[in-house]
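Here is what each chain is made of, one letter per residue.
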Amino acid sequence: MRFESLRVLLTVAFLIISTVLEGLAVRFDPRGYPKKVATCPAVNRAEDSQINIDLSYVDINSKGKKTLLLLHGWPSLWASWKYQIQEFQDDYHIIAPDLRGFGASAHPGDVRSSGTMPDMVSDLLCILEHAGAPSAIVVGHDWGTQLAYEAARERPDVFTAVIGITIPYIPAAGPFLPMQDQVATLPRLAYQLFFDRQTSAAADELERDVRRTLRGTLRDVASPPPESFLTSVDTFVGAWDSVEEIPPIPFFSQEEEDYWVEQYQKSGFRNTLQFYTEENRFAAWKFANEQGNHTIPQPVLSILPTEDPVANMALAAKLLHSFDYLPNHSLHTLPTAHWTHLESPAEVNRIIRKWLMELDAKQEHARDEL
């Protein structure tokens, strides 16, 4: 009897400790991280003017042995890297910016032509200089992945390795492909035509109910969006019209969701649509295409989802010949939807840490041979 009571007490104690530890590991308060601000040069091409913009970033453990520069996508914020920040902040210098036009970061004001990939690479260089980081391993998700690859392509002396999550490398080696032509093959890119052709109307729709917009976009495999989501050229959130209240974001606490809503209520969505305008896309393609150095020789880790509602990303990588231009790459796939680093954080962190350790070992071996 006494043994049984002891067993019950130990079981209860174990459950309590496990719950507490799990809470400590998962809880993330984005308001608890102080921001730094770098004032960086920018261009407003619509007005043909040179200006300065303030770019906000979180800077953690500046004495870390190497820097991880974490780049979010759309619609996202620096805080989307919560699990990676918690995992790596004791071992690495972490820099997590809000990209221009997002959160607390300003924008030159010309959404159509002043938000190219080269523009944002310039922003990253400015932030790294402000943070006192001479180089970085650049980590991206979604559009942040494309930006990470472009940064590594432009400045291999600064961006020494790439970790790309969800999106494969899109080399600019071939002819420019208008979005209209891409939608013919990938119909769930139709929303990008809405963002490009009706940018003001799209921003108005997204801002009408920020919480609903974010809840409708940040979904996982277990709680997917409607089948028609992303397939309209005239609406983005409209696919959810038959749902009175969209469920909360599955990988956020209420506190985190509130923070994201507040950030987008302050900044709005208009300038974040820079990724989708034909002018910005063409200018970015032209810049890279004319430079011609499409191969990225640095070490690359690609983590692609198998259940992304837009496309089969591993197949897309093959069609794009992505890995032909990445001679030093490693590929992993995970059964997640679009938000891989939020849906499967433990596995993503395990893959990243193992790859970083192997990278360190290779570099140490190379030094020993000198």
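One pass over the structure, following the stated rule, counts one cavity of 30 Å³ or more. Here the largest cavity defines a volume of roughly 40 Å³. Per-element accounting of the lining of the largest cavity gives the leading share, four residues, to helix H3 (residues 117-131). A breakdown of the residues in the lining of the largest cavity according to their chemical character gives six nonpolar, no polar and three charged.

Our next topic: the nonpolar core. Formed by 107 residues in total, the largest nonpolar core has its most connected members in Trp-74, Phe-195 and Phe-236. Counting residues per element, this core draws most heavily on H3, which supplies eight residues.

Scanning the model with the defined rule gives 24 salt bridges in all. With a shortest N-O distance of 2.6 Å, Glu-262 and Arg-31 are connected by a salt bridge. Separated by 231 residues along the polypeptide, Glu-262 in helix H9 (residues 254-267) and Arg-31 in the loop between helix H1 (2-26) and strand E1 (35-44) bring together distant segments of the chain. The partner of Glu-278 in a salt bridge is Arg-281, with the nearest N and O atoms 3.1 Å apart. On the criterion of helical spacing, the pair formed by Glu-278 and Arg-281 is a turn pair, its members being three residues apart in helix H10 (residues 278-291). Look at Glu-278 and you get partly exposed, because its relative accessible area is 23%. Salt bridges linked by common partners bring Arg-211, Arg-215, Glu-245, Glu-257 and Asp-258 together as one network.

As a further point, take the sheet that holds strand E4 (residues 93-97). What links the strands of a sheet is backbone hydrogen bonding, and the strands pair in either a parallel or an antiparallel sense. What the eight strands build is an open sheet, ordered E1-E2-E4-E3-E5-E6-E7-E8; its pairing is mixed. This sheet does not close on itself; its edge strands, each paired only once, are E1 and strand E8 (329-334). Within this sheet the neighbouring strands show an average axis-to-axis angle of 25°, counted without direction. Taken together, the 10 bridges between E1 and strand E2 (residues 49-60) define a ladder with antiparallel strand orientation. Bridging across to E2, Pro-41 finds its partner in Asn-52. Across the sheet, H3 touches E1, E2, strand E3 (67-71), E4, strand E5 (136-141) and strand E6 (159-165), and the angle it forms with E1 is around 145°.

Scoring rules and cut-offs
Residues numbered from 1 in each chain as written. Predicted model: local features only at pLDDT ≥ 70, side-chain atom pairs only at ≥ 80, totals over all residues. Heavy atoms only, no water. 1 Å grid on protein atoms, 1.4 Å probe; cavity = no way out; pocket = protein on both sides within 12 Å on 5 of 7 lines; lining within 4 Å. Points joined across faces, edges and corners; volume = space filled by probe spheres on them. Helix = DSSP H or I, 4+ residues; strand = E, 2+ residues; numbered from the N terminus. Nonpolar A, V, L, I, M, F, W, Y, C, P; charged D, E, K, R; others polar. Core = buried A, V, L, I, M, F, W, Y, C linked by side-chain atoms within 4.5 Å. Buried < 20%, exposed > 50% of the residue type's maximum accessible area, 1.4 Å probe, protein only. Salt bridge = Lys/Arg side-chain N within 4 Å of Asp/Glu carboxyl O. Pairing = 2+ DSSP bridges. Axes fitted to C-alpha atoms, helices over the stretch in contact; angles between N-to-C directions. Contact = heavy atoms within 4.5 Å.

Keep in mind these values describe shape, not function.
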